[in-house]
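# Fold and contact review
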Amino acid sequence: MRHLGLLYRINHLFKNIFKNRTRFFLVLFGLVLPGMLLMTAYFALDSIYYSNFNEYRHYQELNLFEVRMNNSESRPLIYLQDELGEKYITYKHYTKGKLAEFETANQSFTIYYDLISTNSHFTGDLIVAGDYVMPSSIIKGRVFNESDFIENKPYVVIDTILSGILFDTEDPIGKTISIPIYGYYLENGIEKYGILRYQPLEIIGVLQADMRSQVEFINNLENDENFAYNTGLYVTSSFLIPEVIKPEAITYVFYDTKDINRMSANFLSGIPTGTILYQVNYFDGIVYSIQEQYQTLKLGFVAVAVVLLLISMVSIISIMIFAVKERIGEIGVKKAFGASKVKMMIDFLIEGQMTSIFAFLISLIVSIYAVYIGFYIFRYNHPSLYFYDVSIHFDTIILTFLLINLSSLIATIIPASYAARINISDAIKFE
Amino acid sequence: MIKLENVTKSFGDLIVLKDISVTINGGDYITIMGKSGAGKTTFISMLGLMDRPTSGKYLLDGQDVVNKLDEEVSRLRNEEFGFVFQGYNLINDLTVEENILIPVMYGRKKQVDVEYLDSLLNRLDIKHLLHKKVNKLSGGEKQRVAIARAVVNKPATIIADEPTGSLDTTNRDAVLQIFRELNKEGVTIILVTHDISLTKDATRSYRLAMGHLI
Ligand SMILES: Nc1ncnc2c1ncn2[C@@H]1O[C@H](COP(=O)(O)OP(=O)(O)OP(=O)(O)O)[C@@H](O)[C@H]1O
Ligand SMILES: [Mg+2]
């Protein structure tokens, strides 16, 4: 006894799908095109999203948010510090200054500094500034300790790039840098903006510059005639430079959202109503708005894919009905020898599903290749975006699989039921 | 046993079969003759459950099959009948073996009696053709493959619609010999033919004319 199980029937049907190559490729193309479009777009979007913003999710979990002070002239920095206590990690003085300028025969570059105040929560593991957050580590020296805060030491923590520029391979720890302090001064009765004096700061630690800045810096150094590098200079919050006590704007990064309400209540008292003093950006909100943008883009691609699939469905229906008509003799024979309407219908549905699985696999492979190659070329052309990495999500694959197979299934129902309803004796005479 | 009572079949206004009553017993060898367009194919299509009568009763082994569901009728067709068609009606792009196994594939048991099939292939002299595509075969070979397909499920009844119509005498005699042997083994044979000489094997011969079976 030999048993002809389901596998035999599936193998039989599998051969059927290749019977008419042109038809097979037409149907395949109709399904591959939207599948490929959808997966490539999703893979690319996911990759960009996760390359850029996945870190943000981490900060969102840390409950971080930033406050941007628009104009703090009415409240001295000291006041804010008293008010906020330990609730912030860093704040940035808006005192961007020109730290140094380098000129060679064919290249010039300028280093600007951002003065960033830190409190005792600053460990160096995370660079938390107003507009970026990066994981980091102290690779030489140390961060600030309690006595640094108490004694208001003129200490500074710099990054590896600045250390490399200023000291090359020499050990920077213990060395002193002088930073120009900018401000307004009177000259012959006219207010002018410029360097007021130089503030010496002793280097106690070196922080790993983030990879992105490193790659960008090297790239600029190799390719650009003129460029600027922004470096962060970390000082203790207790170390006050009198000239920058009234910054134009300060960005605070907090690690505890609970205090924002208390702060705003105190902060707003005594200030004319209608004055917009600060702006709060929760990482929650930042992540949410980015996610929303990506979601909208994704929905757009789904819509395009669905429209393409609908067009394909219409053509699949007509192609398949044509196929059924062409195979009417075969259908008659199968029915005469015992294939019921249901079995006949299932046969055609299985054939349709096999074609769509083919289409799905082709779109999957092509999309993965396309995204990998695309990102490879992209990274090659933009070395500073070295961290752009392909991330492929299973949800996308499932979604595409369902869309392709469902539309193929729906499109095959009509021709399949047409095949099922074919009258045997008519079909037999057909040959 | 097949029993028809007052069976009528019409296509629109055209009444092809009128009020036919007939009983066919197990082991019968029946021939049906008639002019072209007399309704022979229509009649045997109905006998073989490929078509339903417009009115009348059809009892298969005592069971009314006219109002049975498609699933059940298909099963009966698969298990009780084997068909040999005038135009062979093989599936061209399949091999001989795949064609022969079609009834098994759509059957309930899906079991092939390998020994039986082997002896069948030897008897029909098509064993060497098993893996050939059927469109490469000669007419006689095709008809023998069609016969193998008709009997692979060991049906009680074989219905053949002018099976020898397009064969030469040697092939015709071979096919008739097979039917004779199958009939000896107890298989009911229902044969549609134009050839009066074929009626000599029959236990009963009918003629279809003006919609009546006489
Ligand atoms: N599905 C159908 N729709 C309409 N008329 C049909 C249909 N099937 C058969 N007929 C008609 O019924 C009549 C009988 O046809 P049938 O095929 O049974 O004849 P036949 O005796 O087998 O003829 P032949 O010897 O030529 O094969 C014919 O006039 C045919 O045109
Ligand atoms: Mg006929």
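Along each chain, residue indices are assigned from 1 in the same order as the chain's sequence is written. Key to labels: chains lettered from A, ligands numbered from 1, both in the order written. Thresholds applied to this predicted model are a pLDDT of at least 70 for local features of residues and 80 or more for the giving and counting of side-chain atom pairs; totals over whole chains, interfaces and linings are not thresholded and use all residues. Side-chain descriptors were evaluated using all non-hydrogen atoms of the structure, hydrogens and water having been removed beforehand.

## Section: the overall build of chain A
Secondary structure elements are taken from DSSP: a helix is a run of H or I of four residues or more, a strand is a run of E of two residues or more, and numbering for both begins at the N terminus. The helix and strand inventory of chain A stands at twelve helices and 14 strands. Only protein chains enter the calculation, and the probe is 1.4 Å; a residue is then buried if its accessible area is under 20% of its type maximum, exposed if over 50%, and partly exposed in between. Looking at chain A as a whole, 48% of its 431 residues are labelled buried. The criterion used for residue contact is that any of the two residues' heavy atoms lie within 4.5 Å. Counted over contacts in chain A with a minimum sequence separation of 6, partners at least 24 positions apart contribute 80%. Here the open area of atoms and residues is found with the Shrake-Rupley method and a 1.4 Å probe, where only the protein chains shown may cover a residue. For chain A, the computed accessible surface area is about 21,200 Å², with 60% contributed by carbon and sulfur atoms.

## Description of the nonpolar core
Residues B:Ile2, B:Ile32, B:Phe43, B:Leu47, B:Tyr58, B:Ile100 and B:Phe179 are the most contacted members of the largest nonpolar core, which totals 121 residues. In this structure B:Tyr58 touches B:Ile2, B:Lys3, B:Leu4, B:Met46, B:Leu47, B:Leu49, B:Gln63, B:Asp64, B:Val65, B:Val66 and B:Phe81, once residues within four positions along its chain are discounted. The next biggest cluster of nonpolar side chains, apart from the first, holds 25 residues, and it includes A:Leu99, A:Leu115, A:Ile158 and A:Ile179. Buried residues of nine kinds, namely Ala, Val, Leu, Ile, Met, Phe, Trp, Tyr and Cys, make up a nonpolar core once their side-chain atoms join them within 4.5 Å.

## Here we look at the pairing of strand 11 (residues 190-207) of chain A
All names here are of chain A. Between any two strands, at least two bridges found by DSSP are needed for them to pair. Bridge count for strand 8 (residues 138-141) against strand 11 is three bridges, and the pairing is antiparallel. Each bridged residue has a counterpart across the sheet, and for Gly-141 the counterpart in strand 11 is Gly-205. With five bridges joining them, strand 9 (residues 155-159) and strand 11 adopt parallel strand pairing. Bridge pairing in strand 11 places Ile-158 opposite Val-206. Alignment of strand 10 (residues 176-187) against strand 11, held across twelve bridges, turns out to be antiparallel. Residue pairing in the sheet places Glu-187 in a bridge with Ile-190 of strand 11. From the end of strand 10 to the start of strand 11, which pair antiparallel, there are two residues, and Asn-188 there has a positive phi angle of about 55°.

## A word on the domain arrangement of chain A
Residues and elements named next belong to chain A. Residue ranges assigned to each domain were obtained from an automatic or database domain assignment. By the assigned domains, chain A splits into domain 1 (6-54 + 289-430) and domain 2 (65-270). With six residues of domain 1 at the contact, the number on the domain 2 side is five residues. Once two parts are brought into contact, the accessible area they lose, counted with a 1.4 Å probe and summed over both, makes up the buried area. Taken together, the two surfaces of domain 1 and domain 2 that pack against each other cover about 470 Å², and 68% of this comes from carbon and sulfur. Of all residues in domain 1, Pro-383, Ser-384 and Tyr-386 give up the largest surface area on contact with domain 2, accounting jointly for 78% of the area buried on that side. Between Lys or Arg on one side and Asp or Glu on the other, a salt bridge is scored when a side-chain nitrogen of the former is within 4 Å of a carboxyl oxygen of the latter. Where domain 1 meets domain 2, there are zero salt bridges. Side-chain atoms alone can form a polar contact between residues adjacent in sequence; in general such a contact is a pair of N or O atoms within 3.5 Å, and within protein one must be able to donate a hydrogen while the other accepts it. Counting across the domain 1 and domain 2 interface gives zero residue pairs in polar contact (both at pLDDT 80 or more). Side-chain classes are defined by residue name, with Ala, Val, Leu, Ile, Met, Phe, Trp, Tyr, Cys and Pro counting as nonpolar, Asp, Glu, Lys and Arg as charged, and the others, Gly among them, as polar. Its residues assigned to classes, the side of domain 1 that touches domain 2 shows four nonpolar, two polar and no charged.

## Brief notes about the sheet that holds strand 5 (residues 63-64) of chain B
Residues and elements named next belong to chain B. In spatial order, the strands read 2-1-4-5; together these four strands make up an open sheet with antiparallel pairing. Each edge of the sheet is formed by a strand with only one pairing partner; in this case those strands are strand 2 (14-24) and strand 5. As paired strands, strand 4 (residues 55-60) and strand 5 are joined by two bridges and run antiparallel to one another. Pairing of Leu-59 across the sheet is with Asp-64, part of strand 5.

## As for the pairing of strand 6 (residues 81-84) of chain B
Regular strands show a simple pattern: their side chains alternate between the two faces of the sheet. Residues and elements named next belong to chain B. Of the two faces of strand 6, both are covered, the one formed by Phe-81 and Phe-83 as well as the one formed by Gly-82 and Val-84. Bridge analysis of strand 6 against strand 8 (residues 157-161) gives four bridges, and the strand direction is parallel. When the sheet's bridge partners are listed, Phe-83 is paired in strand 8 with Ile-159.

## A short note on helix 9 (residues 328-336) of chain A
Residue and element names in this part refer to chain A. Summarising burial for helix 9: nine of the nine residues are buried, a large majority. Ile-328, Gly-329, Glu-330, Ile-331, Gly-332, Val-333, Lys-334, Lys-335 and Ala-336 are the residues of helix 9 that are buried. Backbone geometry just after helix 9 places Gly-338 at a positive phi near 115°.

## Regarding the site of ligand 1
Around ligand 1 sit 15 residues in total, of which B:Ser36, B:Gly37, B:Lys40, B:Thr41 and B:Thr42 are the nearest. Distances are taken per atom, and a residue is near a molecule or strand as soon as one of its heavy atoms is within 4 Å of it. Neighbouring residues of ligand 1 are not confined to a single chain but are spread across chains A and B. One nitrogen or oxygen atom from the side chain of B:Lys40 is found 2.7 Å from an oxygen atom belonging to ligand 1. Between ligand 1 and the protein, one listed contact pairs an oxygen atom with a side-chain N or O atom of B:Glu162 at 3.4 Å. Expressed as a share of its isolated accessible area of 630 Å², the protein-covered part of ligand 1 is 67%.

## Side note on the packing of helix 5 (residues 114-124) of chain B against helix 6 (residues 139-151) of chain B
Residue and element names in this part refer to chain B. At a minimum axis separation of 10 Å, helix 5 and helix 6 run at an interaxial angle of 155°. Viewed along their axes, helix 5 and helix 6 adopt a mutual orientation that is roughly antiparallel. Crossing hand, helix 5 versus helix 6: right-handed. On the side of helix 5, the interface is formed by Tyr-116, Leu-120 and Leu-124, while helix 6 contributes Arg-144, Ile-147, Ala-148 and Val-151. Looking at side-chain class alone, the contact of helix 5 with helix 6 contains six nonpolar, no polar and one charged residues. Orientation is described by axes fitted as lines to C-alpha atoms, over the contacting stretch for helices, and by angles from 0 to 180 degrees between their N-to-C directions. Note on terminology: angles under 35 degrees are roughly parallel, angles over 145 are roughly antiparallel, angles of 65 to 115 are roughly perpendicular, and the others are oblique. Two helices cross in a left-handed way if the nearer one is turned anticlockwise from the farther one by less than a right angle. They cross in a right-handed way if the turn is clockwise.

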